[in-house]
Amino acid sequence: MVDRLANSEANSKRIAVVESCFGAAGQPLAIPGRVLIGEGVLTKLCRKKPKARQFFLFNDILVYGNIVIQKKKYNKQHIIPLESVTIDTVPDEGDLRNGWLIKTPTKSFAVYAATATEKSEWMNHIGKCVGDLLQKSGKSPTGEHAAVWVPDSEASVCMRCKKVKFTPVSRRHHCRKCGFVVCGPCSEKKYLLPSQSSKPVRVCEHCYEQLTSSLLPPQDCLYSVILLQSEP
(Lines give C-alpha, C1' and ligand atoms only; values in the text may rest on other atoms or scores of the structure.)
Protein backbone atom coordinates (compact mmCIF):
# COMPACT_ATOMS: atom_id res chain seq x y z
CA MET A 1 0.00 0.00 0.00
CA VAL A 2 2.83 2.38 0.90
CA ASP A 3 4.59 1.83 -2.43
CA ARG A 4 1.33 2.34 -4.29
CA LEU A 5 0.59 5.64 -2.51
CA ALA A 6 4.17 6.95 -2.42
CA ASN A 7 3.91 9.33 -5.37
CA SER A 8 0.14 9.44 -5.84
CA GLU A 9 -1.78 12.68 -6.15
CA ALA A 10 -4.12 11.72 -3.30
CA ASN A 11 -1.18 11.22 -0.92
CA SER A 12 0.39 14.53 -1.99
CA LYS A 13 -2.84 16.37 -1.29
CA ARG A 14 -3.19 14.80 2.16
CA ILE A 15 0.35 15.80 3.11
CA ALA A 16 -0.23 19.33 1.77
CA VAL A 17 -3.28 19.64 4.02
CA VAL A 18 -1.23 18.61 7.07
CA GLU A 19 1.45 21.17 6.16
CA SER A 20 -1.13 23.93 5.84
CA CYS A 21 -2.63 23.07 9.24
CA PHE A 22 0.73 23.78 10.90
CA GLY A 23 1.15 27.04 8.98
CA ALA A 24 4.40 28.84 8.26
CA ALA A 25 5.91 27.84 11.62
CA GLY A 26 5.82 24.14 10.71
CA GLN A 27 8.52 22.35 8.73
CA PRO A 28 7.78 21.14 5.17
CA LEU A 29 6.65 17.52 5.18
CA ALA A 30 6.41 16.61 1.50
CA ILE A 31 9.41 14.63 0.22
CA PRO A 32 9.60 11.92 -2.47
CA GLY A 33 8.49 8.54 -1.15
CA ARG A 34 6.86 9.84 2.04
CA VAL A 35 3.36 8.51 2.72
CA LEU A 36 0.79 9.64 5.27
CA ILE A 37 -0.33 6.39 6.93
CA GLY A 38 -2.86 7.75 9.42
CA GLU A 39 -3.74 10.44 11.93
CA GLY A 40 -5.68 10.93 15.13
CA VAL A 41 -5.93 12.53 18.54
CA LEU A 42 -3.98 10.87 21.36
CA THR A 43 -3.65 11.92 24.98
CA LYS A 44 0.01 12.64 25.74
CA LEU A 45 1.18 12.33 29.33
CA CYS A 46 2.87 15.70 29.90
CA ARG A 47 4.78 16.94 32.94
CA LYS A 48 1.83 18.81 34.48
CA LYS A 49 -1.15 16.77 33.27
CA PRO A 50 -2.35 14.64 30.32
CA LYS A 51 -3.10 16.74 27.23
CA ALA A 52 -4.73 16.00 23.86
CA ARG A 53 -2.33 16.19 20.90
CA GLN A 54 -2.85 15.63 17.19
CA PHE A 55 -0.59 12.87 15.80
CA PHE A 56 0.28 12.07 12.18
CA LEU A 57 1.98 8.80 11.27
CA PHE A 58 4.04 8.78 8.08
CA ASN A 59 6.04 5.84 6.77
CA ASP A 60 9.29 7.42 8.03
CA ILE A 61 8.37 9.99 10.72
CA LEU A 62 5.87 10.62 13.50
CA VAL A 63 4.58 14.19 13.76
CA TYR A 64 2.50 15.73 16.53
CA GLY A 65 1.38 19.16 17.65
CA ASN A 66 -0.91 21.15 19.91
CA ILE A 67 -4.52 21.42 18.80
CA VAL A 68 -5.54 25.06 18.19
CA ILE A 69 -8.61 24.37 16.05
CA GLN A 70 -9.68 20.73 15.67
CA LYS A 71 -8.77 19.37 12.20
CA LYS A 72 -7.85 22.87 11.00
CA LYS A 73 -4.94 24.36 12.91
CA TYR A 74 -2.03 23.01 15.00
CA ASN A 75 1.13 24.53 16.44
CA LYS A 76 4.37 23.50 18.19
CA GLN A 77 5.17 20.87 15.59
CA HIS A 78 7.37 17.94 16.70
CA ILE A 79 8.94 15.54 14.21
CA ILE A 80 10.29 12.15 15.36
CA PRO A 81 12.27 9.95 12.92
CA LEU A 82 10.74 6.47 13.14
CA GLU A 83 14.12 4.73 12.74
CA SER A 84 14.94 5.81 16.31
CA VAL A 85 11.59 4.78 17.83
CA THR A 86 10.80 1.81 20.05
CA ILE A 87 7.37 1.22 21.57
CA ASP A 88 6.21 -0.60 24.70
CA THR A 89 2.72 -1.15 26.05
CA VAL A 90 1.65 0.54 29.30
CA PRO A 91 -0.62 -1.33 31.76
CA ASP A 92 -4.04 0.26 32.36
CA GLU A 93 -4.20 2.24 35.59
CA GLY A 94 -7.21 4.21 36.83
CA ASP A 95 -8.44 6.66 34.20
CA LEU A 96 -5.30 6.17 32.09
CA ARG A 97 -6.08 3.28 29.78
CA ASN A 98 -5.03 2.03 26.32
CA GLY A 99 -1.54 3.51 26.55
CA TRP A 100 1.95 2.81 25.25
CA LEU A 101 5.40 4.36 25.38
CA ILE A 102 7.06 6.10 22.44
CA LYS A 103 10.78 5.96 23.21
CA THR A 104 13.63 7.68 21.36
CA PRO A 105 17.22 8.61 22.32
CA THR A 106 16.25 12.28 22.68
CA LYS A 107 12.77 12.10 24.23
CA SER A 108 10.38 9.45 25.55
CA PHE A 109 6.76 9.78 26.61
CA ALA A 110 3.48 7.90 27.11
CA VAL A 111 0.37 8.32 24.96
CA TYR A 112 -3.15 6.98 25.39
CA ALA A 113 -5.80 6.12 22.81
CA ALA A 114 -9.56 6.32 23.27
CA THR A 115 -10.10 2.57 22.84
CA ALA A 116 -8.14 -0.69 22.98
CA THR A 117 -8.73 -1.19 19.25
CA GLU A 118 -7.30 2.23 18.45
CA LYS A 119 -4.25 1.50 20.61
CA SER A 120 -3.69 -1.81 18.83
CA GLU A 121 -3.93 -0.18 15.40
CA TRP A 122 -1.51 2.61 16.30
CA MET A 123 1.05 0.23 17.77
CA ASN A 124 0.79 -2.20 14.85
CA HIS A 125 1.19 0.54 12.24
CA ILE A 126 4.11 2.20 14.05
CA GLY A 127 5.81 -1.17 14.53
CA LYS A 128 5.36 -2.06 10.86
CA CYS A 129 6.78 1.28 9.68
CA VAL A 130 9.80 1.01 12.01
CA GLY A 131 10.43 -2.59 10.92
CA ASP A 132 10.27 -1.68 7.23
CA LEU A 133 12.68 1.23 7.68
CA LEU A 134 15.23 -0.86 9.58
CA GLN A 135 14.99 -3.65 7.02
CA LYS A 136 15.63 -1.25 4.13
CA SER A 137 18.52 0.53 5.88
CA GLY A 138 20.08 -2.59 7.38
CA LYS A 139 20.35 -0.81 10.74
CA SER A 140 19.72 -2.36 14.15
CA PRO A 141 16.95 -1.16 16.47
CA THR A 142 17.91 1.70 18.78
CA GLY A 143 19.25 0.35 22.06
CA GLU A 144 19.36 3.60 24.03
CA HIS A 145 16.42 5.86 24.80
CA ALA A 146 15.70 8.85 27.01
CA ALA A 147 13.94 8.26 30.31
CA VAL A 148 10.18 8.80 30.50
CA TRP A 149 9.59 11.67 32.93
CA VAL A 150 7.49 10.91 36.01
CA PRO A 151 4.57 13.41 36.05
CA ASP A 152 4.77 16.12 38.73
CA SER A 153 1.48 14.96 40.24
CA GLU A 154 2.96 11.59 41.17
CA ALA A 155 5.58 13.05 43.53
CA SER A 156 4.75 15.18 46.56
CA VAL A 157 8.27 14.65 47.95
CA CYS A 158 11.68 14.20 46.30
CA MET A 159 11.95 10.70 44.83
CA ARG A 160 15.64 10.46 45.81
CA CYS A 161 16.09 11.83 49.35
CA LYS A 162 12.43 11.17 50.31
CA LYS A 163 12.62 14.18 52.63
CA VAL A 164 12.09 17.45 50.77
CA LYS A 165 8.41 18.28 50.25
CA PHE A 166 7.56 20.22 47.11
CA THR A 167 6.05 23.67 47.61
CA PRO A 168 5.81 26.86 45.51
CA VAL A 169 9.27 27.69 46.90
CA SER A 170 10.78 24.19 46.77
CA ARG A 171 10.31 23.43 43.08
CA ARG A 172 10.20 20.10 41.29
CA HIS A 173 12.99 19.18 38.88
CA HIS A 174 13.48 16.19 36.58
CA CYS A 175 16.63 14.13 36.25
CA ARG A 176 17.30 13.75 32.50
CA LYS A 177 18.85 10.31 33.04
CA CYS A 178 16.24 8.48 35.16
CA GLY A 179 13.20 10.78 34.77
CA PHE A 180 12.58 10.99 38.54
CA VAL A 181 11.04 14.09 40.15
CA VAL A 182 13.75 15.45 42.47
CA CYS A 183 14.49 18.48 44.64
CA GLY A 184 17.11 21.13 43.91
CA PRO A 185 19.77 19.83 46.37
CA CYS A 186 19.44 16.30 44.91
CA SER A 187 19.92 17.55 41.34
CA GLU A 188 22.67 20.16 41.49
CA LYS A 189 24.94 18.23 39.13
CA LYS A 190 24.96 18.36 35.34
CA TYR A 191 26.26 15.77 32.90
CA LEU A 192 26.63 15.62 29.13
CA LEU A 193 24.12 13.19 27.59
CA PRO A 194 24.94 13.61 23.86
CA SER A 195 21.76 11.92 22.66
CA GLN A 196 19.64 14.52 24.49
CA SER A 197 21.63 17.77 24.28
CA SER A 198 24.89 19.32 23.15
CA LYS A 199 25.25 20.86 26.62
CA PRO A 200 25.37 19.21 30.08
CA VAL A 201 21.88 18.62 31.49
CA ARG A 202 20.46 18.28 35.00
CA VAL A 203 20.88 14.85 36.58
CA CYS A 204 20.22 13.62 40.11
CA GLU A 205 23.04 12.79 42.51
CA HIS A 206 22.40 9.05 42.16
CA CYS A 207 22.66 9.07 38.35
CA TYR A 208 25.65 11.42 38.42
CA GLU A 209 27.58 8.97 40.62
CA GLN A 210 26.69 6.09 38.30
CA LEU A 211 27.64 8.04 35.18
CA THR A 212 30.98 9.26 36.54
CA SER A 213 31.93 5.93 38.13
CA SER A 214 31.53 4.23 34.75
CA LEU A 215 34.30 6.48 33.41
CA LEU A 216 36.84 5.24 35.97
CA PRO A 217 39.10 2.28 35.09
CA PRO A 218 38.42 -1.01 36.92
CA GLN A 219 40.34 -1.37 40.22
CA ASP A 220 42.61 -4.16 38.91
CA CYS A 221 43.60 -2.02 35.89
CA LEU A 222 44.23 0.97 38.15
CA TYR A 223 46.40 -1.19 40.42
CA SER A 224 48.44 -2.36 37.41
CA VAL A 225 49.02 1.23 36.32
CA ILE A 226 50.27 2.16 39.80
CA LEU A 227 52.68 -0.82 39.81
CA LEU A 228 54.04 0.10 36.37
CA GLN A 229 54.58 3.71 37.39
CA SER A 230 56.46 2.64 40.53
CA GLU A 231 58.89 0.36 38.67
CA PRO A 232 62.42 1.83 38.07
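Structure report, in brief. All values derive from a computational prediction rather than experimental measurement. Throughout, a residue's number is its position along its own chain's written sequence, starting from 1. In keeping with the predicted nature of the model, local features appear solely for residues at pLDDT of at least 70, side-chain atom pairs appear and are counted solely at 80 or more, and the whole-chain, interface and lining totals rest on all residues. For the side-chain quantities, the full set of heavy atoms in the structure was used; hydrogens and water were omitted.

Here the focus is the pairing of strand β3 (residues 61-69). Between any two strands, at least two bridges found by DSSP are needed for them to pair. In DSSP terms, a helix is any run of H or I states spanning at least four residues, a strand is any run of E spanning at least two, and both are numbered starting from the N terminus. Judged from the five bridges that link them, strand β2 (residues 50-58) and β3 form a sheet pairing that is antiparallel. Bridge pairing in β3 links Phe 55 to Tyr 64. With antiparallel pairing between neighbouring strands as the criterion, β2 and β3 make up a hairpin whose turn holds two residues. Where β3 and strand β4 (residues 73-81) come together, seven bridges link them in antiparallel fashion. Each residue of the ladder has a partner; that of Ile 61, found in β4, is Pro 81. Where β3 folds back onto β4 in an antiparallel hairpin, the turn is made up of three residues, including Lys 71, whose phi is positive at roughly 65°.

Only rings of Phe, Tyr and Trp enter the pairing, Trp through its six-membered ring, and a pair is recorded when the two centres are within 6.5 Å. The plane angle decides the type: under 30 degrees is stacked, over 60 is edge-to-face, the rest tilted. As enumerated under the stated definition, the model contains seven aromatic pairs in all. Plain terms: the ring middles of Phe 22 and Tyr 74 are 5.7 Å apart, the flat faces sit at 50° to each other, and that makes the pair tilted. One end of the pair, Phe 22, is in helix α2 (residues 9-22); the other, Tyr 74, is in strand β4, with 52 residues separating them in the sequence. For the pair Phe 22 and Tyr 74, a shared accessibility class is recorded, and that class is buried. Two conditions define a charge sitting above a ring: the NZ of Lys or the CZ of Arg must be within 6 Å of the ring centre, and it must be within 35 degrees of the ring normal. One cation-aromatic arrangement involves Lys 44 over Phe 109; the distance from NZ or CZ to the ring centre is 4.9 Å. Across from the ring centre of Tyr 208, 5.5 Å away, lies the NZ or CZ of Lys 189, which sits over that ring. Only protein chains enter the area calculation, which uses a 1.4 Å probe; residues under 20% of their type maximum are buried, those over 50% are exposed, and those in between are partly exposed.

This is a description of form; function is not addressed.
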